[in-house]
Amino acid sequence: MPKRVDHEERRTQIAEALIQVAGRRGLHAVGMRDVAAEAGVSLRLVQYYFETKEKLLFYGLQHLTDRFTARVGARLAAAGPDPGPRATIEALLLASLPTDQESRTFHLLYSSYSVLSVTDAALAAQPFIDNPDAAENALTGLIEGAQAAGLADPGADARTEAISLLAMTATMGTSILVNQRTPESAIAVLRHHLDRIFTASSHTTPDAGQRTDAHTCP
């Protein structure tokens, strides 16, 4: 009896191959034939599932986003059952800094996708991300919650701080990739700004030990 093919598993296999080869060579230099070779399948099979390179790239972006979401979830789980707003924000931001091979690949390819979404007509016709304000809204809500609980500077503008943290993290991620700074120095800068937003009382609560664990470098 012929083996039943799991089509979603096969798509994921091909998307993973795209991420691996693009992480080594750059997204712009990757063709469907390269992806097929990396996945150990035929070019015809890649074309069967994705038809065009643009469709493959778009699916690869979704897969890359799913991997990032899982990475954030793992950091949050490691922070304990109730990590608090600061540790939650730190987990979200540290997950996007290129501090190991997986996160370096994520940052490199996500940046490449953003450029291609502007310059490639086929990719530009599709939304780059479904909800572009999701991270900004999440951080804003966490800061506002911390302010209401007396854990953050009540005079800070939560949305402005959220935007600043995200922009700073993205820029420092690029500076790590090009060896302008080390991951450790980028994390120190990030924590400096979090210290400015969050009051001293937020560092002396009973779950401080959990937050310390969550703050360790990946």
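In the block above lies the structure referred to throughout.
Rules and cut-offs
- Residues numbered from 1 in each chain as written.
- Predicted model: local features only at pLDDT ≥ 70, side-chain atom pairs only at ≥ 80, totals over all residues.
- Heavy atoms only, no water.
- Core = buried A, V, L, I, M, F, W, Y, C linked by side-chain atoms within 4.5 Å.
- Buried < 20%, exposed > 50% of the residue type's maximum accessible area, 1.4 Å probe, protein only.
- Phe/Tyr/Trp six-rings, centres within 6.5 Å; stacked < 30°, edge-to-face > 60°.
- Helix = DSSP H or I, 4+ residues; strand = E, 2+ residues; numbered from the N terminus.
- Contact = heavy atoms within 4.5 Å.
- Axes fitted to C-alpha atoms, helices over the stretch in contact; angles between N-to-C directions.
- Parallel < 35°, antiparallel > 145°, perpendicular 65-115°, else oblique.
- Left-handed = near helix turned anticlockwise from the far one by under 90°.
- Salt bridge = Lys/Arg side-chain N within 4 Å of Asp/Glu carboxyl O.

Participant: When you look at the nonpolar core in this model, what are you seeing that I'm missing?
Facilitator: A general feature of soluble globular proteins is that nonpolar side chains tend to end up buried together. In terms of nonpolar packing, the biggest core is built from 30 residues, with Leu18, Leu27, Val35, Val46 and Leu56 touching the most fellow members. In terms of nonpolar packing, the next biggest core, distinct from the first, is built from 21 residues, Leu94, Leu165, Ile187 and Leu194 among them.

Participant: Would you take a moment to explain the packing of aromatic side chains for this structure?
Facilitator: Counted according to the given criterion, the structure contains four aromatic pairs. Centre to centre, the rings of phenylalanine 68 and phenylalanine 106 are 4.6 Å apart; their planes meet at 10°, and the pair counts as stacked. Of the two residues, phenylalanine 68 is situated in helix α4 (residues 53–78) and phenylalanine 106 in helix α6 (residues 101–119); the sequence distance between them amounts to 38 residues. Where phenylalanine 106 meets tyrosine 110, the ring centres are 5.3 Å apart and the plane angle is 25°; that geometry is what we call stacked. Taken together, the positions of phenylalanine 106 and tyrosine 110, both in helix α6 and four residues apart, correspond to about one turn of that helix. A residue is classified by how much of its surface remains accessible, and phenylalanine 106, at 11% relative accessible area, is buried. Residue classification places tyrosine 110 among the partly exposed positions, given a relative accessible area of 25%. An aromatic cluster of at least three residues, connected via ring pairs, comprises Phe68, Phe106 and Tyr110.

Participant: Would you explain the environment of methionine 172 in this entry?
Facilitator: Mapped onto the elements of the fold, methionine 172 is located in helix α9 (residues 158–177). Assessed through its relative accessible area of 7%, methionine 172 is described here as buried. Residues methionine 172 and alanine 186 lie 14 residues apart in sequence; the distance between their C-alpha atoms is 6.2 Å. Those residues within four positions of methionine 172 in sequence are excluded, and the remaining contacts are Leu97, Arg181, Ala186, Val189 and Leu190.

Participant: Help me understand the packing of α4 against helix α5 (residues 84–96) in this model?
Facilitator: Geometrically, a packed helix pair is captured by the angle between its two axes and the distance between the axes. Closest axis-to-axis distance for the α4/α5 pair is 9 Å, and the angle between their directions is 140°. With respect to their mutual orientation, α4 and α5 come out oblique. Note that α4 runs across α5; the crossing there is right-handed. Facing Phe68, Arg71, Val72, Arg75 and Leu76 of α4, the residues of α5 in contact are Thr88, Ala91, Leu92, Leu94, Ala95 and Ser96.

Participant: Is there a simple way to explain the pattern of salt bridges in this structure?
Facilitator: Pairing of side chains with opposite charge becomes possible as their charged atoms draw close. The tally for this structure, following the rule as stated, stands at 13 salt bridges. With its nearest N and O atoms 3.7 Å apart, the salt bridge here joins arginine 11 to glutamate 8. Highlighted residues: arginine 11 and glutamate 8, both in helix α1 (residues 7–25), separated by three residues, approximately one helical turn. A salt bridge links arginine 71 to aspartate 100; the shortest N-O distance between them is 3.0 Å. A residue pair is termed long-range when its members are at least 10 positions apart, and arginine 71 in helix α4 and aspartate 100 in the loop between α5 and α6 qualify at 29 residues. For aspartate 100, a relative accessible area of 28% corresponds to the partly exposed category.

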